Amino acid sequence: MPDRVLSQEEIDDVFRNLRDSPQDDDPAKRAVPYDFRRPDRIAKDQLRAIHILHENFARSLASSLSAYLRAYVVVNLVSVEQLSFMEFSQCLPSPSCLVSLGMKPYEGNAVLEINPGLVFPIVEMLLGGGARSVLKLSREITEIEQSVLDGLFRITLHDLKTAWHAVTPMEFTIEAHETEPQLLRILAPNEAVVAVSMEVRIGDNTGMMNIGIPSSVVKMLRHKLDQQWSVRKSESTEKEQARIVRLIRPAKMFVDGRLTGPTMRVEDLMDLKEEDVLTFDYPVERPLDLSINGKVKFRGGIVTAGRKRAFEIEEAHKVV
């Protein structure tokens, strides 16, 4: 078979086809766009650990504020997410009540923000008012009002310290007060923070409490966060069960041994006369029910213990 020589047109077609054909191994197609303005992400497990930590803080804070304000307070954790400090600041209302928090022994500052819709009702309650009506004020907090709120911050930071103590000893201290989020210059705009948002409800007044923690501090604690929550998941919780038993041991319950018989109408009761006989229809050998806090738990009979009457338990009540 004679050798065939390709023409220039055929050679151009070969190179054109190679150039136009898709290249599956092109590294450019495997590249993922990256925004250098976004901070490094924190692992989901660490965010989940911080979420659990601040759920404990929310429960503790609700109890502490209820006792401090002498009112029913509900605190719900809304979200835990990572944002840049600029995004976090833009989400806060203006004006508001902001404090810069030291985090000894760690470097950096956290931010605690309480919405005006929550601050002014608390101020009114601390000054003797009831704050029963919804207060809608949007003005800056005065120095006198800041002094009145010192007790609120002291309780909040104490509970926050206690919650973080499960991971690491940390002392939160107030270093500065501010009313405008844009004037709080404690972090670079692109620096990452872990934003914790909580809803606080006091009567008809509802407001948000936001905490911004530098991600650099969280990353320093990543090993302690992993160890703390991994150990808690793997333990048999015997220590926790013993703690719960110790807490409920002094609790009081209502114990009631009762002979349950037939019912009758009030008009029949009013018609009763001397020497009338009521039939309870309850055999002597039939056991009595023992109720604890209104629920039947045991069956038994009435006995004598010294000079007192007592209830002898014969069997546990079986729920059908």
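Here the structure is a predicted model, which means the values were calculated and not measured.

Enquirer: Describe the sheet that holds strand β10 (residues 308-316), and please don't skip the residues or the numbers.
Expert: Taken in spatial order, the four strands make up an open sheet running β7-β8-β9-β10, and their pairing is antiparallel. On the outer flanks of this sheet lie β7 (255-258) and β10, each paired with one strand and no other. For this sheet the average axis-to-axis angle between neighbouring strands, irrespective of direction, equals 40°. When β7 meets strand β8 (residues 288-292), the two strands line up antiparallel, connected through four bridges. Within β8, the residue paired with Arg258 across the bridge is Asp289.

Enquirer: Summarise helix α5 (residues 116-126); cite the residues concerned and give the values.
Expert: Of all eleven residues in α5, eight are buried, a share of seventy percent or more. Residues Pro116, Leu118, Val119, Phe120, Pro121, Ile122, Val123 and Met125 constitute the buried set of α5. Gly128 sits one or two positions beyond α5 and adopts a positive phi of about 105°.

Enquirer: Account for the nonpolar core, with residues named and values stated.
Expert: Counting 53 residues, the largest nonpolar core has Leu149 and Trp164 as the members making the most contacts within it. The biggest single contributor to this core is helix α3 (residues 44-69), with ten residues. When neighbours within four sequence positions are excluded, Trp164 is seen to be in contact with Leu53, His54, Met170, Phe172, Ile213 and Leu221. Membership of the second largest hydrophobic core comes to ten residues, among which are Leu92, Leu98, Leu187 and Ala195.

Enquirer: Talk me through the pattern of salt bridges; I want residue IDs and the actual numbers.
Expert: In a structure, side chains of opposite charge can pair up when their charged atoms sit close to one another. Under the counting rule described, the total for this entry stands at six salt bridges. In this structure, Arg48 and Asp45 form a salt bridge, with 2.7 Å as the shortest nitrogen-oxygen distance. Of this pair, Arg48 and Asp45 both sit in helix α3, three residues apart, roughly one helical turn. The class of Arg48 is partly exposed, set by a relative accessible area of 42%. We note a salt bridge from Glu267 to Arg265, for which the minimum N-O separation is 3.0 Å. On the basis of relative accessibility, which here comes to 45%, the residue Glu267 falls in the partly exposed class. Taking relative accessible area as the criterion, Arg265 reaches 53% and is therefore assigned exposed. Beyond isolated ion pairs, a larger network of salt bridges with shared partners links Arg265, Glu267 and Asp268.

Enquirer: Describe the environment of Ser66, naming the residues involved and giving the relevant values.
Expert: Here Ser66 shows up in helix α3. Here the alpha-carbon distance between Ser66 and Ile202, two residues 136 residues apart in the chain, equals 8.8 Å. Setting aside residues up to four positions removed in sequence, Ser66 forms contacts with Ala71, Tyr72 and Val73. Polar side-chain contacts of Ser66 include one of 3.1 Å to the backbone nitrogen of Val73.

What counts and how
- Residues numbered from 1 in each chain as written.
- Predicted model: local features only at pLDDT ≥ 70, side-chain atom pairs only at ≥ 80, totals over all residues.
- Heavy atoms only, no water.
- Pairing = 2+ DSSP bridges.
- Helix = DSSP H or I, 4+ residues; strand = E, 2+ residues; numbered from the N terminus.
- Axes fitted to C-alpha atoms, helices over the stretch in contact; angles between N-to-C directions.
- Buried < 20%, exposed > 50% of the residue type's maximum accessible area, 1.4 Å probe, protein only.
- Core = buried A, V, L, I, M, F, W, Y, C linked by side-chain atoms within 4.5 Å.
- Contact = heavy atoms within 4.5 Å.
- Salt bridge = Lys/Arg side-chain N within 4 Å of Asp/Glu carboxyl O.
- Polar contact = N/O pair within 3.5 Å; in protein donor to acceptor, adjacent residues only side chain to side chain.

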